Amino acid sequence: MKGKMKAQVFYEGEKMKLEDVPIPEISAVDVLVRVKRVGICGSDISYYYGLSPVGTSSGKGPIVLGHEFTGEVVEAGTIPKSLSLFVPGDRVVVNPVQFCNACYACAEGKTHLCEKLSVPGVTTDGGFAQYCVSKYTGLFKLPDDVSYAAGAFTEPLACVVNAIKKMELRPGDFVAIFGPGSMGMMMIQMCKAVGAGKVALIGATNDWRLEQGKKFGADYLFNNTSKNSKYYVPDLKKAIADVSKGRLADRALVPTSANIAFEQAVEIVGNCGIVIHFGLPNEDDAFKIPALSFHTMDKEIRSAWLAPLAWPTAIRVIEEGLVKVEELITGTYPLSETEKAIRNLKENPGNQLKVQIAVE
Ligand SMILES: [Zn+2]
Ligand SMILES: [Zn+2]
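Rules used throughout
Residues numbered from 1 in each chain as written. Chains lettered and ligands numbered in written order. Predicted model: local features only at pLDDT ≥ 70, side-chain atom pairs only at ≥ 80, totals over all residues. Heavy atoms only, no water. Donors = N, O, S within 2.8 Å, 3.2 Å for Na, K, Ca; no water. Buried < 20%, exposed > 50% of the residue type's maximum accessible area, 1.4 Å probe, protein only. Patch = residues over 30% accessible without salt bridge, like charges linked within 9 Å, V, L, I, M, F, W, Y side chains within 5 Å. Areas by Shrake-Rupley, 256 points an atom, 1.4 Å probe, with all protein chains shown as cover. Salt bridge = Lys/Arg side-chain N within 4 Å of Asp/Glu carboxyl O. Helix = DSSP H or I, 4+ residues; strand = E, 2+ residues; numbered from the N terminus. Phe/Tyr/Trp six-rings, centres within 6.5 Å; stacked < 30°, edge-to-face > 60°. Lys NZ or Arg CZ within 6 Å of the ring centre and 35° of its normal. Tetrahedral: all angles 85-135°; square planar, octahedral: opposite > 155°, others 65-115°. Pairing = 2+ DSSP bridges. Core = buried A, V, L, I, M, F, W, Y, C linked by side-chain atoms within 4.5 Å. Contact = heavy atoms within 4.5 Å. Polar contact = N/O pair within 3.5 Å; in protein donor to acceptor, adjacent residues only side chain to side chain. Lys, Arg positive; Asp, Glu negative; His and termini not counted. Charge placed at Lys NZ, Arg CZ, Asp CG, Glu CD.

Peer 1: Can you lay out the coordination of the zinc ion (ligand 1) for me, pointing to particular residues and giving the numbers?
Peer 2: Around a metal, the ideal angle is 109.5 degrees if four donors adopt a tetrahedral arrangement and 90 or 180 degrees if six donors adopt an octahedral arrangement. Within the protein, Cys-41 (SG), His-67 (NE2) and Glu-68 (OE) serve as the donor atoms for the zinc ion (ligand 1), at 2.1 to 2.7 Å. When the donor residues of the zinc ion (ligand 1) are listed from N- to C-terminus, their spacing reads C-x25-H-E. Judged by its relative accessible area of 7%, His-67 falls in the buried class.

As structure tokens, this is what we get:
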């Protein structure tokens with residue numbers, strides 16, 4: 001499709017501009033998507049501020065960020081066309097982790113570790129624009145009753161689905177979740193949906209966010225850092241022991257990237273407890289955990305990175321309303337205010353969960 005489009009072009013730390021650029025051309029394996037909704041991810045904030053390098057060879061722009069998005073198919077390349085897979089007008093969500101399906105990792109089903117990964121919004125131009133190119137193998141059709149806004153949660157929710165799978169939750173398990181952001185809120189709901197018993201939400205800063213956890217099903221709220229929090233507990237392990245009949249937590253999920261939270265999570269799981277590391281760490285982070293109790297209590301730590309093979313479940317979970325995603329949206333901005341939305345998330349995170357860009 002020829003013509004111009006509006007795109008938020010990111011150059012380097014704190015430099016992003018709304019520009020008129022050519023509508024991207026598609027190759028045989030691609031589909032051109034007219035973008036509708038884009039979620040702002042924590043990693044978009046890191047890229048924008050230059051805290052993490054983007055996935056280009058230079059680690060810098062120019063690149064269009066945004067990888068959590070939905071839209072409408074406007075043009076299909078020759079291969080998806082010949083397979084009758086996508087036609088203009090299809091409502092779709094883009095899985096940004098686009099693997100090759102031909103390398104060793106892909107053949108083993110470890111598609112998230114594909115050697116030829118391409119990621120719109122990280123390695124190639126993404127969703128903060130009117131149009132975006134996706135490989136046809138990265139597209140999923142949105143069910144009719146799932147809105148573009150809800151569909152844009154599929155990517156983060158798929159990561160949650162993967163984490164829950166790796167956690168091996170058993171019915172009735174006591175789960176501790178560290179990090180009252182939108183990920184934490186989705187985790188509470190997923191844990192409850194698959195049979196968790198009690199869920200404790202642990203935060204370090206802000207009561208408003210912790211209290212949102214109640215709304216999504218958390219049974220206990222704890223803050224073990226800020227003494228002026230209503231939910232302050234000086235000894236988290238004791239607080240968890242008190243509400244779990246001394247058994248401590250069976251499972252712990254750590255969606256925050258704060259290293260200290262992960263170390264605490266290992267501390268507050270009981271015998272044979274499993275802890276899932278989920279929040280993306282900083283480059284120099286290293287864990288320090290007491291080795292003897294870790295060993296003799298037979299604990300396990302596992303990471304949950306991206307969402308291999310979890311997309312169909314994530315879409316189904318949204319479709320069935322098992323996780324209420326639209327209630328997590330605390331702000332919607334037009335494409336022209338993408339930068340403002342990102343800055344506001346960084347500077348004023350207190351009463352925000354998920355923020356989206358609505359593209360016209
Ligand atoms: Zn993301
Ligand atoms: Zn591959």
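Peer 1: I'd like a description of a nonpolar patch on the surface, backed by residues and values.
Peer 2: Judged by side-chain polarity, Val-29, Ile-79, Leu-83 and Leu-85 come together as a nonpolar surface patch covering roughly 290 Å² of accessible area. With respect to the helices and strands, Val-29 occurs in the loop between strand E2 (15-22) and strand E3 (30-39).

Peer 1: Which residues make up the packing of aromatic side chains, and what are the values?
Peer 2: Applying the stated criterion across every chain, the model contains five aromatic pairs. Ring plane angle 35° and centroid distance 4.4 Å describe the contact between Phe-262 and Phe-287, whose orientation is recorded as tilted. A residue pair is termed long-range when its members are at least 10 positions apart, and Phe-262 in helix H9 (residues 259-268) and Phe-287 in the loop between strand E13 (269-277) and helix H10 (291-296) qualify at 25 residues. In this structure Phe-262 comes out as buried when scored by relative accessible area, which is 2%. Every member of this aromatic cluster is reached through a ring pair, and the members are Phe-174, Tyr-220 and Phe-222. Across the ring face of Tyr-11, the terminal group of Lys-15 is positioned such that the distance to the ring centre comes to 5.2 Å. Sitting over the face of the ring of Tyr-148, Arg-91 holds its NZ or CZ atom 4.6 Å from the ring centroid.

Peer 1: Describe in detail the coordination of the zinc ion (ligand 2), supporting the description with residues and values.
Peer 2: At the metal site, the zinc ion (ligand 2) is ligated by Cys-100 (SG), Cys-103 (SG), Cys-106 (SG) and Cys-114 (SG), and these contacts range over 2.3 to 2.4 Å. Angles of 103 to 120° at the metal separate the four donor atoms of the zinc ion (ligand 2), which places the site in the tetrahedral class. Cys-100 sits in the partly exposed class, given a relative accessible area of 26%.

Peer 1: Run through the sheet that holds E2, naming residues and quoting values.
Peer 2: With antiparallel pairing, the three strands of this open sheet are ordered in space as E2-E1-E4. Strands with a single pairing partner mark the edges of an open sheet, and in this sheet they are E2 and strand E4 (63-64). Sheet topology places strand E1 (residues 4-12) next to E4; two bridges connect them, and they run antiparallel. When the bridges of E4 are listed, Val-9 appears paired with Val-64.

Peer 1: If you had to explain the nonpolar core to someone new, which residues and values would you point to?
Peer 2: The tendency in soluble globular proteins is for nonpolar side chains to be buried as a group. Core analysis: the biggest nonpolar cluster contains 47 residues, and Leu-157, Val-175, Ile-177, Cys-191 and Leu-253 have the highest contact counts within it. Those elements giving two or more residues to this core turn out to be helix H4 (148-151), helix H5 (154-167), strand E9 (175-178), helix H6 (182-193), strand E10 (199-203), E13 and helix H11 (311-319). Here this core gets eight residues from one element, more than from any other, and that element is H5. Those residues in contact with Leu-253 that sit more than four places away from it in its chain are Ala-163, Ile-164, Met-167, Val-175, Ala-176, Ile-177, Phe-178, Met-187, Cys-191 and Ile-276. With 44 residues, the next largest nonpolar core counts Met-16, Ile-45, Val-64 and Val-355 among its residues.

Peer 1: Which residues make up the side chain of Asn-223, and what values do they have?
Peer 2: Looking at the element boundaries, Asn-223 is found in strand E11 (residues 220-223). Assessed through its relative accessible area of 0%, Asn-223 is described here as buried. Looking at Asn-223, its side chain comes within polar contact range of the main-chain nitrogen of Thr-225, at 2.8 Å. Setting aside residues up to four positions removed in sequence, Asn-223 forms contacts with Gly-203, Ala-204, Thr-205, Leu-210, Ser-229, Tyr-231, Tyr-232 and Val-233.

Peer 1: I'd like a rundown of unusual backbone geometry, residues and numbers included.
Peer 2: Between Gly-61 and Pro-62 the backbone carries a cis peptide bond, its omega angle lying at 0°. By secondary structure assignment, the location of Pro-62 is in the loop between helix H1 (42-48) and E4. Residues other than glycine seldom take positive phi values, yet Glu-14 does so here, at roughly 65°. The class for Glu-14 is partly exposed, based on a relative accessible area of 41%. Even without glycine at this site, Ser-84 takes up a positive phi of about 50°. When you line up the elements, Ser-84 lands in the loop between helix H2 (78-82) and strand E6 (91-94). For Ser-84, a relative accessible area of 62% gives the class exposed.

Peer 1: Break down the environment of Gln-98 for me, citing the residues and quoting the values.
Peer 2: Tracing the backbone through its elements, the reader meets Gln-98 in the loop between E6 and helix H3 (104-107). Its relative accessible area of 3% is what places Gln-98 among the buried residues. Sequence-wise, Gln-98 and Ser-58 are 40 residues apart; in three dimensions their C-alpha atoms are separated by 20 Å. Beyond its immediate sequence surroundings of up to four residues, Gln-98 is in contact with Lys-116, Leu-117, Ser-118, Pro-120, Ser-134, Lys-135 and Gly-138. Within the structure, Gln-98 has its side chain in polar contact with the backbone oxygen of Asn-95 (distance 3.1 Å).

Peer 1: Go over a negative patch on the surface, please, and point to the residues and values.
Peer 2: A cluster of acidic residues, Asp-144, Asp-145, Glu-319 and Glu-320, forms a negative patch on the protein surface. For Glu-319, the position within the fold is in helix H11.

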